[in-house]
Amino acid sequence: MGWTPDPYALRGRIAVVAGATRGAGRGIAAGLGERGATVVCTGRSSRCGNRDSDYNRPETIEETAELVTRLGGSGIAMQVDHLDVAQVRKLAGRLKAGYGHIDILVNDIWGAEVLKGPPDSWGRPMWQHDLDDGLRMLRLGLDTHLITSHCLLPLLADRPGGLLVEITDGTNEFNAENPRLSVFYDLVKSAVNRLAFSHGHELAPFGASAVAVTPGWLRSEMMLDNYGVSEADWRRALDLARTDGYPAAPPGFAESESPRFVGRGVAALAADPDRAQWNQQSVSSAALARHYGFTDLDGRVPDAWAPL
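Residues numbered from 1 in each chain as written. Predicted model: local features only at pLDDT ≥ 70, side-chain atom pairs only at ≥ 80, totals over all residues. Heavy atoms only, no water.

- Looking at an unreviewed UniProt entry, the protein chain carries the name Short chain dehydrogenase, with the source organism given as Mycolicibacterium neworleansense.

**Thoughts on the state of the cysteines**
In step 1: The full count for this structure, using the stated rule, is zero disulfides.
In step 2: For the unlinked cysteine Cys 41, the closest cysteine sulfur is that of Cys 48, found at 14 Å.
In step 3: Residue classification places Cys 41 among the buried residues on the basis of a relative accessible area of 0%. (Disulfide = S-S within 2.5 Å. Buried < 20%, exposed > 50% of the residue type's maximum accessible area, 1.4 Å probe, protein only.)

**Some thoughts on unusual backbone geometry**
In step 1: Positive phi, close to 65 degrees, is recorded for Leu 181, a residue that is not glycine.
In step 2: Its identity as a non-glycine residue notwithstanding, Gln 280 has a phi of 75 degrees, on the positive side.
In step 3: Looking at where Gln 280 falls in the secondary structure, it is placed in the loop between helix H8 (259-271) and strand S7 (282-284). (Helix = DSSP H or I, 4+ residues; strand = E, 2+ residues; numbered from the N terminus.)

**Considerations on the pattern of salt bridges**
Opposite charge on two side chains permits pairing when their charged atoms draw close.
In step 1: Evaluated as defined, the whole model comprises 20 salt bridges.
In step 2: Among the salt bridges present, the one from Asp 54 reaches Arg 44, with a minimum N-O distance of 2.8 Å. Placement of Asp 54 in the loop between strand S2 (38-43) and helix H2 (61-70) and of Arg 44 in the loop between S2 and H2 is noted, with a sequence separation of ten residues between them.
In step 3: A residue is classified by how much of its surface remains accessible, and Asp 54, at 27% relative accessible area, is partly exposed.
In step 4: Salt-bridge contacts for Arg 300 lead to Asp 298; the nearest nitrogen and oxygen are separated by 3.4 Å.
In step 5: Judged by its relative accessible area of 19%, Arg 300 falls in the buried class.
In step 6: Three or more residues are tied together by salt bridges with common partners; here these are Arg 22, Arg 57, Glu 59 and Asp 225. (Salt bridge = Lys/Arg side-chain N within 4 Å of Asp/Glu carboxyl O.)

**Some remarks on the nonpolar core**
In step 1: Judged by nonpolar contacts, the single largest core of 33 residues is most densely connected at Val 17, Ile 28, Leu 32, Val 39, Val 106 and Val 213.
In step 2: A per-element tally of this core places H8 first, with seven residues.
In step 3: Among residues more than four places away in sequence, those in contact with Val 213 are Val 165, Glu 166, Ile 167, Thr 168, Val 262, Leu 269, Val 283 and Leu 288.
In step 4: Of all hydrophobic cores here, the second largest spans 22 residues; its members include Leu 91, Ala 92, Ala 208 and Ala 210. (Core = buried A, V, L, I, M, F, W, Y, C linked by side-chain atoms within 4.5 Å. Contact = heavy atoms within 4.5 Å.)

**Some remarks on the packing of helix H1 (residues 23-33) against H8**
Between two packed helices, both the angle of their axes relative to each other and the distance between the axes serve to describe the pair.
In step 1: Where H1 meets H8, the closest approach of the two axes is 7 Å, and the angle between their N-to-C directions is 50 degrees. It follows that H1 is oblique to H8 by the angle criterion. Crossing of H1 against H8: the hand is right-handed. Judged by residue contacts, Gly 23, Ala 24, Gly 27, Ile 28, Ala 30, Gly 31 and Leu 32 of H1 engage Pro 259, Arg 260, Val 262, Gly 263, Arg 264, Val 266, Ala 267 and Ala 270 from H8. (Axes fitted to C-alpha atoms, helices over the stretch in contact; angles between N-to-C directions. Parallel < 35°, antiparallel > 145°, perpendicular 65-115°, else oblique. Left-handed = near helix turned anticlockwise from the far one by under 90°.)

Pasting the structure below:
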């Protein structure tokens, strides 16, 4: 038999996934849900409208919350723009009134996939990139995390055992040796790793921990659309002789992962009584899978970061 999640491991725990609309955020909310957590799913894209979103995409926070509930948890959707301090403070007030405390905070806010530019723009000198786009990337990828932590960490640090997870792209070790796409993108993703280190230093005296987690090559909704495939037939993207007008994915796509894989990694961290062992560390979903023994939805343990 393959690996299956314990549906009671996080029963009674209150989690907030900031940026839960799609991609890793949705996968993390689902991973927490399949272990029984109550998951507050926040983001800008709602059935009530998504005018503040940087994307014109169909996914909504309500869909994510419903997925959490179908998987055995309790999903609650709350529309929040995490760049708006007033909205995040209002979120904190609602959480305090409704739950009094949160056990898990996941900062997955991003929203800059379009701003990072197409692959043929990666590696150009920063002065050849649009400055407004680059600065917006910093706002979306860093300011949102800082605002959210400032407003919500008091609800996590008020009792021992809390967990803050910062979602990024690349571990400290990988990013230290590999410049990432552009100065702007590189700065954001490296800084998020450092946020977990700094937050962990401040949270430790309160008995709480902070960890930076990176997925590998993520089969997000946007990535699947780019290759004209679905999660059910994603391997079709590897066909070098495609005739449907979509590009073929490079061989490394064979080691891609579903969003649920990183979600199961975050859930494993949250369910570990000894989660403080990870405090201030930077780790990949694949490394967490090897440590905790979980698998992706198809039973694999993909590792896009492994040396070729």
